[in-house]
Amino acid sequence: QVQLVESGGGLVQAGGSLRLSCAASGRTSSIKVMGWYRQAPGKQRELVARVFDNGGGRTDYADPGKGRFTISRDNAKNTVYLQMKSLKPEDTAVYYCNVVMGPTMGPPAYWGQGTQVTVSS
């Protein structure tokens, strides 16, 4: 089992910044990918960014966040961060932390409870 606790969401004006955090606990040694997804009202959940657990810490960004969002991972704290800047109203969504597990007996992935990000114009 892995537990995910998210923090950092809130209300911000367009052009502002927020940093989301997601702390993992439990079987963290089996985590291979940590990432963030978002879901706006009436839309499907979509990838925002993810970071892979390999020597180089490869990252992957969806187009909406490229150049504005930065994902990072602190392996010592089992925490993934999403630094968001130049926020736009269309970034408004519930942001979910996601981890993908390596070969394990349990579920292949876990989701956080979600944190609301609201960007006002």
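It should be noted that the structure appears before, not after, this text.
Residues numbered from 1 in each chain as written. Predicted model: local features only at pLDDT ≥ 70, side-chain atom pairs only at ≥ 80, totals over all residues. Heavy atoms only, no water.

Student: Help me understand the overall build of the protein, please; the structure alone is not making it clear to me.
Tutor: For the protein, the helix and strand inventory stands at zero helices and 11 strands. Listed by position from the N terminus, the elements making up the protein come as β-β-β-β-β-β-β-β-β-β-β. Relative to a compact globule of 121 residues, whose C-alpha radius of gyration would be 14 Å, the protein shows 14 Å and is just as compact. Counting only C-alpha atoms and orienting by the principal axes, one finds that the protein spans roughly 45 × 30 × 20 Å. Expressed as a percentage of the 121 residues in the protein, the buried residues total 41%. The contacts of the protein with a sequence gap of at least 6 include a subset with a gap of at least 24, amounting to 53%. Carbon and sulfur atoms make up 50% of the accessible area of the protein, which amounts to about 6300 Å² in all. Across the protein, the 14 positively charged side chains and the 8 negatively charged ones have centroids separated by 3 Å. (Helix = DSSP H or I, 4+ residues; strand = E, 2+ residues; numbered from the N terminus. Rg over C-alpha atoms; globule rule 2.2 N^0.38 Å. Buried < 20%, exposed > 50% of the residue type's maximum accessible area, 1.4 Å probe, protein only. Contact = heavy atoms within 4.5 Å. Areas by Shrake-Rupley, 256 points an atom, 1.4 Å probe, with all protein chains shown as cover. Lys, Arg positive; Asp, Glu negative; His and termini not counted. Charge placed at Lys NZ, Arg CZ, Asp CG, Glu CD.)

Student: Please explain the sheet that holds strand E3 (residues 18-26) as it appears in this structure.
Tutor: Paired through backbone hydrogen bonds, the strands of a sheet run either parallel or antiparallel to each other. Spatially, four strands are ordered E1-E3-E8-E7 in an open sheet, and the strand pairing comes out antiparallel. With one partner strand each, in any of the chains shown, strand E1 (2-7) and strand E7 (69-74) form the two edges of the open sheet. Strand-to-strand twist in this sheet, taken as the mean axis angle between neighbours without regard to direction, amounts to 15°. Sheet topology places E3 next to strand E8 (residues 79-84); six bridges connect them, and they run antiparallel. Within the sheet, the bridge partner assigned to Leu-18 lies in E8 and is Met-84. (Pairing = 2+ DSSP bridges. Axes fitted to C-alpha atoms, helices over the stretch in contact; angles between N-to-C directions.)

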